[in-house]
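Spelled out, the chains give:
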Amino acid sequence: MRSFVLIAIPYAWLLALFLVPFAIVLKISLSDYAISIPPYVPQFDPETGIGALIDALDFENFIWLTEDDLYWKAYLSSLKIAVISTFFTLLAGYPIAYAMARAPAEWRPTLMMLVILPFWTSFLIRVYAWMGILSNEGFLNQFLLWTGLISEPLTILNTNTAVYIGIVYTYLPFMILPVYSALERLDGSLIEAAEDLGCSRLSAFWLVTIPLSKTGIIAGSFLVFIPVLGEFVIPSLLGGSDTLMIGKVLWEEFFSNRDWPVASAVAVVLLLLLVIPIVLFQRNQQKQQEAEQ
Amino acid sequence: MTASEFEPWNDPEAKPLIHFQNVTKRYGEFTAIDDLTIGIYEKEFYALLGPSGCGKTTLMRMLAGFETPSEGTIRLAGQDIAPVPPNKRAVNMMFQSYALFPHLSVWENIAFGLKREKMPKHDINDRVDEMLRLTRLEKFARRKPHQISGGQRQRVALARSLAKHPKLLLLDEPLGALDKKLRQETQFELMDIQEKTGTTFVIVTHDQEEAMTVASRVAVMDHGKIIQVATPDRIYENPNSVYVADFIGDVNLIAGTAKPNGSDTYALSWHEGHAPLTVQSPNPLSDGQNCQLAIRPEKVSISTEKPEQADNAVQGRILDIAYLGNLSTYHVELPTGTMIKAQTANTRRIARRAYTWEDTVWLSWTATAGVLLAN
């Protein structure tokens with residue numbers, strides 16, 4: 001009985017905050033667009049019942065997604081941006097996590113604090129700050145002009161480069177923390193043993209450190225990849241008109257076009273796309289737990 | 001076994017495999033190794049014994065290449081090894097934590113060092129199989145380290161460090177994580193493997209029983225210095241200092257002043273009003289020098305009547321009896337307040353023991369039973 005209650009709480013949470021909203025979105029995605037408030041015709045009417053619902057059921061909004069190439073281009077472009085920025089986040093985050101794990105034990109809490117410090121200010125303000133840094137008259141260009149490295153200001157803001165910078169900056173802590181926790185548990189004598197058995201520093205890193213931090217790398221990559229795929233704020237503030245991301249398309253469909261049914265269909269497909277990496281992530285976590293037992 | 005003949009340290013012609021020459025290691029203000037000179041011979045099983053913090057692990061890590069001496073030179077087969085990094089040394093180490101790679105199987109762990117040498121594949125297979133046979137791990141080759149027991153892990157670590165056929169194998173507290181019974185079995189296994197492979201072993205331990213069991217020579221260390229290097233029996237029977245006598249096994253120490261009395265024989269006056277003790281001791285002492293008689297509890301006999309013809313006999317009262325099953329240790333207080341421990345084998349059942357608490361007994365020992373150590 002007690003275990004039932006314990007399990008029931010998270011399930012009730014999931015039901016109320018995930019499944020019910022999802023059902024509502026799914027319902028809207030199956031309905032028709034209308035100029036009214038709210039801007040769609042409900043598909044399910046209690047008076048006509050389930051029968052009428054099934055009679056009138058169509059997937060026109062989903063079919064529309066395949067007919068206009070904007071949508072699948074946006075999905076693909078999001079996927080590409082998510083993959084590339086996850087890679088760069090790993091490239092930037094791994095050395096930081098490694099240095100933190102190698103730092104003297106009394107320094108580690110401070111370093112950890114510095115990594116999570118940005119969360120103390122609003123995410124929006126931090127993205128706006130990047131606009132100030134990256135714009136044509138921004139700090140970066142002023143600095144580069146001052147050093148004489150460039151004679152013309154670089155156009156970074158409102159390009160994909162700015163989007164990558166913003167994403168790597170924002171999601172870096174999500175990469176650092178799991179990698180750090182994997183590296184911190186690494187027994188230093190394993191590296192010494194590898195060297196003792198004939199490894200150079202570099203090959204010991206490659207053959208021992210990397211494989212043993214694999215779970216952290218995978219966890220961090222998913223923690224970055226999944227939210228970046230649906231990211232909306234960074235591309236709309238830092239990206240240009242050619243930056244195509246599904247989060248931005250969804251937002252425009254919903255608020256500019258006020259086409260709730262199509263926006264809902266976009267959201268449903270996005271969710272289905274996200275389910276795959278989430279399931280993979282869960283399996284990784286499970287495998288890690290089994291290995292530790 | 002030809003242990004009685006294997007004594008290269010007594011052969012002036014023999015060249016040590018490892019030679020520490022005036023080696024000092026400092027960490028800031030702290031001196032871990034203090035001007036140390038020793039030689040370790042080929043095929044020796046050399047034990048570094050001492051309390052924690054005595055520098056024995058530092059000494060071993062210098063051999064492995066993880067530390068470099070602040071002063072002095074370490075030679076391996078005549079070559080100064082200071083500039084050689086750990087991965088280029090013909091020295092392998094078995095770590096205290098075993099340091100097995102958790103992501104690799106037993107087989108891959110053992111093959112790890114061989115693959116780094118770019119050994120041909122079938123040679124690796126042969127060598128790993130040989131090591132698995134030597135350590136009786138054939139059945140566990142495919143398992144991961146977390147799927148085998150502590151004793152098996154210890155053997156994997158040993159197999160892995162032996163696989164490259166090093167000139168020198170370093171063992172850092174190799175049996176520390178095993179329980180007592182397994183530890184004793186494994187000690188004999190280690191000796192067996194050392195003999196079969198003919199590798200020079202240097203073992204670091206704080207367990208004096210372990211050092212005495214496995215080693216051909218034991219080096220007792222304290223505060224970064226070697227106090228005595230000798231065979232286990234000499235360390236036990238002829239310690240060169242009170243520190244060594246006290247560190248190895250149990251010992252009674254009786255303080256007094258020595259008076260030469262014939263060749264190698266001294267009369268030790270230890271308490272006013274008591275007859276001086278007769279001691280035959282190899283360590284030379286001057287007339288009237290303050291010294292301590294060190295005598296092992298098992299060399300002190302206990303009896304109810306004063307024994308005839310004993311070189312030394314004192315009377316006392318039993319204060320405590322430690323019953324160990326096979327042995328009993330009697331703590332006897334002399335009228336002078338000195339406490340002497342006497343150990344006897346329990347050849348009869350405990351109910352038939354001749355003495356008990358508060359009994360007055362005689363303690364006796366021969367002139368050669370103990371040694372005199374200068375203060």
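Residues numbered from 1 in each chain as written. Chains lettered and ligands numbered in written order. Predicted model: local features only at pLDDT ≥ 70, side-chain atom pairs only at ≥ 80, totals over all residues.

Engineer: Teacher, can you tell me more about the overall build of chain B here?
Structural biologist: Of regular secondary structure, chain B possesses 8 helices and 20 strands. Its C-alpha atoms put chain B at 80 × 50 × 40 Å along the principal axes. Buried residues in chain B amount to 37% of all 375 residues. Contacts spanning at least 24 positions in sequence make up 66% of the contacts within chain B whose residues lie at least 6 apart. (Helix = DSSP H or I, 4+ residues; strand = E, 2+ residues; numbered from the N terminus. Buried ≥ 20, exposed ≤ 12 C-beta atoms within 10 Å, placed from the backbone. Contact = placed C-beta atoms within 7 Å.)

Engineer: Would you explain the interface of chain A and chain B in this entry?
Structural biologist: One widely used convention gives an interface's size as the accessible area the parts lose upon coming together. At the interface, 14 residues of chain A touch 16 residues of chain B. Elements supplying a minimum of two residues to the side of chain A that touches chain B: helix 9 (188-196) and helix 10 (201-212) of chain A. Here the element with the most residues in the side of chain A that touches chain B is helix 9 of chain A; it accounts for 6 residues. Considered class by class, the residues forming the side of chain A that touches chain B number 7 nonpolar, 3 polar and 4 charged. (Nonpolar A, V, L, I, M, F, W, Y, C, P; charged D, E, K, R; others polar.)

Engineer: Help me understand the sheet that holds strand 4 (residues 71-76) of chain B, please; the structure alone is not making it clear to me.
Structural biologist: To summarise the sheet geometry, strands pair through backbone hydrogen bonds and adopt either a parallel or an antiparallel arrangement. All names here are of chain B. With antiparallel pairing, 4 strands are arranged side by side in an open sheet as 2-1-4-5. For this open sheet the edge positions go to strand 2 (30-40) and strand 5 (79-80), each flanked by a neighbour on one side alone. Pairing between strand 1 (residues 18-27) and strand 4: 5 bridges, direction antiparallel. Bridge pairing links Phe20 to Ile74 in strand 4. (Pairing = 2+ DSSP bridges.)

Engineer: What is the right way to read the nonpolar core from this model?
Structural biologist: Buried together is how nonpolar side chains tend to be arranged in soluble globular proteins. Core analysis: the biggest nonpolar cluster contains 102 residues, and Ala47, Leu63, Leu170, Val202 and Ala219 of chain B have the highest contact counts within it. No other element matches helix 2 (residues 106-116) of chain B, which puts 6 residues into this core. Not counting residues up to four positions away in its chain, the partners in contact with Ala219 of chain B are Ile38, Tyr46, Ala47, Leu48, Leu49, Ile226 and Val229 of chain B. One finds Leu157, Leu172, Phe174 and Ile176 of chain A within the second-largest nonpolar core, a separate group that totals 51 residues. (Core = buried A, V, L, I, M, F, W, Y, C linked by C-beta atoms within 7 Å.)

Engineer: Looking at this structure, I do not really get the domain arrangement of chain B. What am I missing?
Structural biologist: Residue and element names in this part refer to chain B. Taken domain by domain, chain B comprises domain 1 (8-243) and domain 2 (250-304 + 311-374). One C-alpha centre belongs to domain 1, the other to domain 2, and the line joining them spans 38 Å. Counting from both sides, the interface comprises 4 residues of domain 1 and, opposite them, 6 residues of domain 2. Among the residues making up the side of domain 1 that touches domain 2, the classes are represented as 2 nonpolar, 2 polar and no charged. (Domains from an automatic or database assignment.)

Engineer: Help me out: how do you make sense of the domain arrangement of chain A in this one?
Structural biologist: Residue and element names in this part refer to chain A. Here chain A is described as being made up of domain 1 (1-67) and domain 2 (68-292). For domain 1 versus domain 2, the distance between C-alpha centres works out to 32 Å. Mapped onto the side of domain 1 that touches domain 2, the elements with two or more residues apiece are helix 1 (2-29), strand 1 (32-33) and helix 3 (60-67). The biggest single contributor to the side of domain 1 that touches domain 2 is helix 3, with 5 residues. The residue makeup of the side of domain 1 that touches domain 2, split by class, is 10 nonpolar, 3 polar and 2 charged.

Engineer: Can you help me understand the environment of Gln309 of chain B in this one?
Structural biologist: The topology assignment puts Gln309 of chain B in the loop between strand 15 (301-303) and strand 16 (312-323). Separated by 57 residues in sequence, Gln309 of chain B and Thr366 of chain B place their C-alpha atoms 9.4 Å apart.

Engineer: Can you walk me through the confidence of the model for chain B in this structure?
Structural biologist: Low-confidence regions, as indicated by low pLDDT, have predicted coordinates that should not be scrutinised in detail. Residue and element names in this part refer to chain B. Here chain B averages 90 in pLDDT, while 99% of its residues score no lower than 70. Ranking the elements of chain B by mean pLDDT puts strand 12 (residues 265-269) last, at 88, and helix 2 first, at 95. What the predictor reports for the complex is a pTM of 0.81 with an ipTM of 0.82. (pLDDT = per-residue confidence, 0-100.)

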